[in-house]
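Single-letter residue listing:
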Amino acid sequence: MIEDISHFLLTTFTARHRKFDEFFRELIGISETVMNQMFTQTYGRLYTQNARVFEELYKELHQYYLGAKVNLDETLSEFWTRLLERMFELVNQQYQFSEEYLECVSKHAEQLEPFGDVPRKLRIQVTRAFIATRAFMQGLATGRDIVT
């Protein structure tokens, strides 16, 4: 009887862990694909030439989900900084800016709020979602390991 219950719990934890993992990976993939398609349609070449900024963000999010020591707050801050630098250069293509000048623009980005409060809201939402997801996955894995 105890063996049956243990086997049931082990099977349940393992299946739920696998299913949720598949679901979340698919969700991240769909998010990246849809964003890529939307930005490509909206901004065309401007986006495709600078898509690496977004690809790097998704790469870091994937790494965090997989358990890497990624600081989400820092990752998102760096994303907005790189995005601002790229956009600033694109909007002002007629000028040549030094790295120091771009760093100065980035340092004052919080005061200038070029993206409004979107970075703050997104940071809160992404951080909450990814912390909860990783904790849930770790809980399922721990439950599976305990039953084993």
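Up top you'll find the structure we're talking about.
So, here is what we can say about the structure in this document. Worth saying up front: this structure is predicted, and the values here are computed from it rather than measured.

1. Here we look at the packing of aromatic side chains
Moving on, step 1. Following the criterion strictly, the structure yields 17 aromatic pairs and no others.
Moving on, step 2. Their ring planes at 55 degrees and their centres at 5.4 Å tell us that Tyr47 and Phe54 sit as a pair that is tilted.
Moving on, step 3. For Tyr47, a relative accessible area of 6% gives the class buried.
Moving on, step 4. A ring pair is formed by Phe79 and Trp80, whose centres lie 5.0 Å apart and whose planes are at 70 degrees; its orientation type is edge-to-face.

2. Remarks on helix 5 (residues 99-107)
Moving on, step 1. Considered for burial, the residues of helix 5 that qualify are Leu102, Val105 and Ser106. Summarising the axial view, the buried residues of helix 5 lie within an arc of 100 degrees, below the 170-degree limit, and thus occupy one face. Exposed and oriented more than 90 degrees from the buried face of helix 5 are Glu100 and Lys107.
Moving on, step 2. On the buried face of helix 5, the contacting elements are helix 4 (72-91) and helix 6 (109-112).

3. Brief notes about the nonpolar core
Moving on, step 1. Core analysis: the largest hydrophobic core is formed by 26 residues, its most contacted members being Met35, Tyr47, Phe54, Leu61, Phe79, Leu83 and Phe130.
Moving on, step 2. Secondary-structure elements contributing two or more residues to this core are helix 1 (2-43), helix 3 (52-65), helix 4 and helix 7 (118-147).
Moving on, step 3. The dominant element in this core, judged by the number of residues it contributes, is helix 3, at seven residues.
Moving on, step 4. If we ignore the near neighbours within four places in the chain, the residues touching Leu61 are Leu72, Val126 and Phe130.

4. Focus: the side chain of Thr75
Moving on, step 1. In this fold, Thr75 is placed in helix 4.
Moving on, step 2. With relative accessibility at 7%, the residue Thr75 sits in the buried group.
Moving on, step 3. Residues within four places of Thr75 in sequence aside, it is in contact with Leu57, Glu60 and Val70.

5. Describing the pattern of salt bridges
Moving on, step 1. Evaluation of the coordinates by the stated rule reveals nine salt bridges.
Moving on, step 2. Note that Glu78 and Arg82 form a salt bridge whose closest N and O atoms lie 3.8 Å from each other. With Glu78 and Arg82 both in helix 4, this residue pair falls four residues apart, about one helical turn.
Moving on, step 3. Glu78 gets classed as partly exposed once you look at its relative accessible area, which sits at 38%.
Moving on, step 4. Of the charged contacts, one joins Asp117 and Arg120 as a salt bridge, the two residues approaching to 3.8 Å between their closest N and O atoms.
Moving on, step 5. On the accessibility criterion, Asp117 (36% relative accessible area) is partly exposed.
Moving on, step 6. Among the ionic contacts, a cluster of salt bridges with common partners joins Arg52, Glu56, Glu78 and Arg82.

Rules behind the numbers
- The numbers attached to residues start from 1 for each chain and follow its sequence in the written order.
- Only residues with pLDDT of at least 70 are given local features in this predicted model, and only at 80 or more are side-chain atom pairs given and counted; all residues enter the totals for whole chains, interfaces and linings.
- With hydrogens and water set aside, each side-chain value is computed from the structure's full complement of heavy atoms.
- Centres within 6.5 Å are what make two rings of Phe, Tyr or Trp a pair, Trp counting through its six-membered ring; a difference in plane orientation under 30 degrees is then read as stacked, over 60 as edge-to-face, and the rest as tilted.
- Exposure categories follow from relative accessible area, calculated using a 1.4 Å probe and restricted to protein chains: below 20% of the type maximum is buried, above 50% is exposed, and the middle band is partly exposed.
- To qualify as a helix, a DSSP run of H or I must reach at least 4 residues; to qualify as a strand, a run of E must reach at least 2; elements of each kind are numbered from the N terminus.
- Read the arc as the range of directions from the helix axis to the C-beta atoms.
- In this description, contact between two residues means that some pair of their heavy atoms is separated by no more than 4.5 Å.
- Here, nonpolar core refers to any group of buried Ala, Val, Leu, Ile, Met, Phe, Trp, Tyr and Cys residues whose side-chain atoms link them within 4.5 Å.
- Throughout this description, the term salt bridge denotes a Lys or Arg side-chain nitrogen within 4 Å of a carboxyl oxygen of Asp or Glu.

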